Amino acid sequence: MSDPRARIGNTGTGFSYEEPLVFELSRPGRIGYSLPAYDVPPVDAVQMLPDGSVRDDIEGMPEVSEVDVVRHFTRMSTWNASVDLGLYPLGSCTMKYNPKINERAARLGGFADAHPLQPASEQQGFLELCHRLENELAEICGMDRVTLQPAAGAQGELAGIMMIRAYHEHRGELRSKILVPDSAHGTNPASAALNGYEVVAIPSDEDGILHPEAIEAVMSEDVAGLMITNPSTLGLFEEHVVRICEIVHAKGGLVYGDGANLNALLGIARPGDLGIDVMHINLHKTFSTPHGGGGPGSGPVGVKNVLAPYLPTPVVRELAGAEGAGFVLDYDLPQSIGRLHANFGNAGMFVRAHAYIRSLGPDGLKRCAEMAVLNANYLLARLRTAYHVPFDRAVMHECVLTDRSLQDTGVTTLDVAKRLIDYGYHPPTIYFPLIVHGAIMIEPTESESLDGLDRFADAMLAIAQEAREDADTVRTAPHHTRRSRLDETRAARKPILRWQPAARD
Ligand SMILES: Cc1ncc(COP(=O)(O)O)c(C=O)c1O
């Protein structure tokens, strides 16, 4: 093997084109630790292991110094896009910059070092935080109760539909269908189907939103409920939501609110006041943990009282009266849908979310939503001259464009996304929502300044111009990354999701 260091180039500055594997950095005898001398007699651990449990086919672990390891991983960490490096306009994911004070709170030893199996008597501070966060989220969403248990939005949906099913079953009603708009995130129909429901797709209208007539046409006493995302995945406010909920309720159905886009509503509108009976919230979008990259998730679910008996167990309960003071984990919910996972889930996210909510306060949260909406509309206004806008109206926290106006250049949405990397931006979400052909979905979030928005808009406009003057440069981008373009064309042309209501032009 050639010396990998020959490939490293300027390792001193970290600006190398290729990074060897840590195994390739290995040099015999080099170590990155020092241990104190034994103060007990050595034993041959291998002798003590059961037969067959020792492998002899491993060539050896890398032998590297501390500085080798630190620089290796630090160099690679600089290759990642992150919310700390720049605008990360991944629509639907709310990749906003979050104040570092929330990270700091989550790392406080009392939270970070606690063991989930410690008895409740030793976890009073954490249980109180959970209880407070539940109440804060209930207040923000207009719900009566909240469970923090689901570990993702998708699991929150699953839990919510399980509760809807339990509610109908408890009343002796065997309903078989769930209505889901065609603009919904794929996890919506998946959650309904996993609960044994037939999914009925509801078309959004020419203006991109749901209209009451479409619900009225299919609503019956066989429908357990409707799942509605507001703002929708098109970034549009479902302005008929109140009437739609009334139609569903009139036939005994319940309404599930996909609250993944709650960032646009904070402090302005409460889903519970609009008629939603049960909803999930993505802490890893709205409440100070960035989404994506395989990071931790948390999808608390809020319910109206009518669904409270079915909440997952255990619930955090504050002791009262003769019980004394403090908090317990209460398993005594006979109609509960059961436990959703072990322990508390990604507990650090609860701390971050609580710190975020408390540090901003009601006015600060409202300002977040206002700025998120303003920023998305500003970008839309600047980009509409160069990119086609499928639903031409004011948007909420994100805007959807398409590549239609670039069609004659041969440049596609995928090419624009790749070229943005050369301009230093993580690409927006592309080819989603599925009902928009060639969608480019941009969510700037409230964290961006006017300068930052303008720089991004300038990059998008420059790419549209390049498409006309030098299409090849765009079609073969990125050019300034460690890896050039991978062949993603098949995936881009044919989304693998089967939840594919007809795309519109
Ligand atoms: C509208 C919508 N619903 C549901 C989800 C699912 O959330 P999660 O990824 O946490 O499972 C997402 C995720 O991006 C979403 O955008």
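In this text, all values refer to a predicted model and were calculated from it rather than measured experimentally.

1. Brief notes about the layout of surface pockets
Thinking step 1. One number sums up the size of the largest pocket: a volume of about 990 Å³.
Thinking step 2. Along its surface, the largest pocket is lined by 31 residues, and Trp79, Asn80, Ala81, Ile421 and Thr481 are the ones closest to its centre.
Thinking step 3. Looking at the lining of the largest pocket, the elements that each hand over two or more residues are helix H3 (66-77) and helix H14 (413-422).
Thinking step 4. Considered class by class, the residues forming the lining of the largest pocket number 11 nonpolar, 12 polar and eight charged.
Thinking step 5. Counting the residues that make up the lining of the largest pocket, at least three belong to each of domain 1 (1-79) and domain 3 (369-493).

2. Observations regarding helix H15 (residues 450-469)
Thinking step 1. The end-to-end C-alpha distance of H15, which contains 20 residues, comes to 28 Å, matching closely the 28 Å that a straight helix rising 1.5 Å per residue would cover.
Thinking step 2. Those residues of H15 hidden inside the fold are in contact with helix H13 (347-383), strand S10 (399-402), H14, strand S12 (439-442) and helix H16 (471-475).

3. Here's the deal with the domain arrangement of the protein chain
Thinking step 1. Split by domain assignment, the protein chain resolves into domain 1 (1-79), domain 2 (101-357) and domain 3 (369-493).
Thinking step 2. Averaged C-alpha coordinates put domain 1 and domain 2 at centres separated by 45 Å.

4. Topic: the nonpolar core
Thinking step 1. Among the nonpolar cores identified, the biggest contains 55 residues, and Leu137, Ile215, Leu262, Leu283, Phe287 and Phe350 are the most heavily contacted of them.
Thinking step 2. Put simply, the parts of the chain that give this core at least two residues each are helix H4 (100-106), helix H6 (124-141), strand S3 (198-202), strand S4 (223-229), helix H10 (241-250), strand S6 (278-281) and H13.
Thinking step 3. In terms of domain composition, this core takes at least three residues from each of domain 2 (101-357) and domain 3 (369-493).
Thinking step 4. Among the nonpolar cores identified, the runner-up in size contains 38 residues, and Leu87, Val416, Tyr425 and Ala464 belong to it.

5. Brief notes about the pairing of S3
Thinking step 1. Pairing of strand S2 (residues 177-181) with S3, which is carried by five bridges, proceeds in the parallel orientation. Along S3, the bridge assignment pairs Lys177 with Glu198.
Thinking step 2. In this fold, the crossover linking S2 to S3 by way of helix H8 (residues 187-194) has right-handed handedness.

6. Let's talk about the packing of helix H7 (residues 153-170) against H8
Thinking step 1. Packing of H7 against H8 leaves a shortest axis separation of 9 Å and a crossing angle of 40°. The orientation of H7 with respect to H8, classified from their angle, is oblique. Our pair here, H7 against H8, has a crossing hand that is right-handed. For the pair H7 and H8, contact is made by Ala154, Glu157, Leu158 and Ile161 and by Thr187, Asn188, Ser191, Ala192 and Leu194, respectively.

7. Quick notes on the packing of aromatic side chains
Thinking step 1. Counted by the stated rule, this structure contains four aromatic pairs.
Thinking step 2. An angle of 80° between the planes, with centres 5.0 Å apart, marks the rings of Phe126 and Phe344 as edge-to-face. Taken together, the positions of Phe126 in helix H6 and Phe344 in the loop between strand S9 (327-330) and H13 put the pair 218 residues apart, joining distant regions of the chain. By the burial criterion, Phe126 is buried, and Phe344 matches it.
Thinking step 3. Judged by centre distance (6.2 Å) and plane angle (80°), the rings of Phe287 and Tyr356 are edge-to-face. Separated by 69 residues along the polypeptide, Phe287 in the loop between helix H12 (283-286) and strand S7 (301-303) and Tyr356 in helix H13 bring together distant segments of the chain.
Thinking step 4. Residue Phe287 is classed as buried on the basis of its relative accessible area, which comes to 0%.

So, how was this worked out
Residues numbered from 1 in each chain as written. Predicted model: local features only at pLDDT ≥ 70, side-chain atom pairs only at ≥ 80, totals over all residues. Heavy atoms only, no water. 1 Å grid on protein atoms, 1.4 Å probe; cavity = no way out; pocket = protein on both sides within 12 Å on 5 of 7 lines; lining within 4 Å. Points joined across faces, edges and corners; volume = space filled by probe spheres on them. Helix = DSSP H or I, 4+ residues; strand = E, 2+ residues; numbered from the N terminus. Nonpolar A, V, L, I, M, F, W, Y, C, P; charged D, E, K, R; others polar. Domains from an automatic or database assignment. Expected span 1.5 Å × (residues − 1). Contact = heavy atoms within 4.5 Å. Core = buried A, V, L, I, M, F, W, Y, C linked by side-chain atoms within 4.5 Å. Buried < 20%, exposed > 50% of the residue type's maximum accessible area, 1.4 Å probe, protein only. Pairing = 2+ DSSP bridges. Right-handed = clockwise from strand over helix to strand, strands pointing away. Axes fitted to C-alpha atoms, helices over the stretch in contact; angles between N-to-C directions. Parallel < 35°, antiparallel > 145°, perpendicular 65-115°, else oblique. Left-handed = near helix turned anticlockwise from the far one by under 90°. Phe/Tyr/Trp six-rings, centres within 6.5 Å; stacked < 30°, edge-to-face > 60°.

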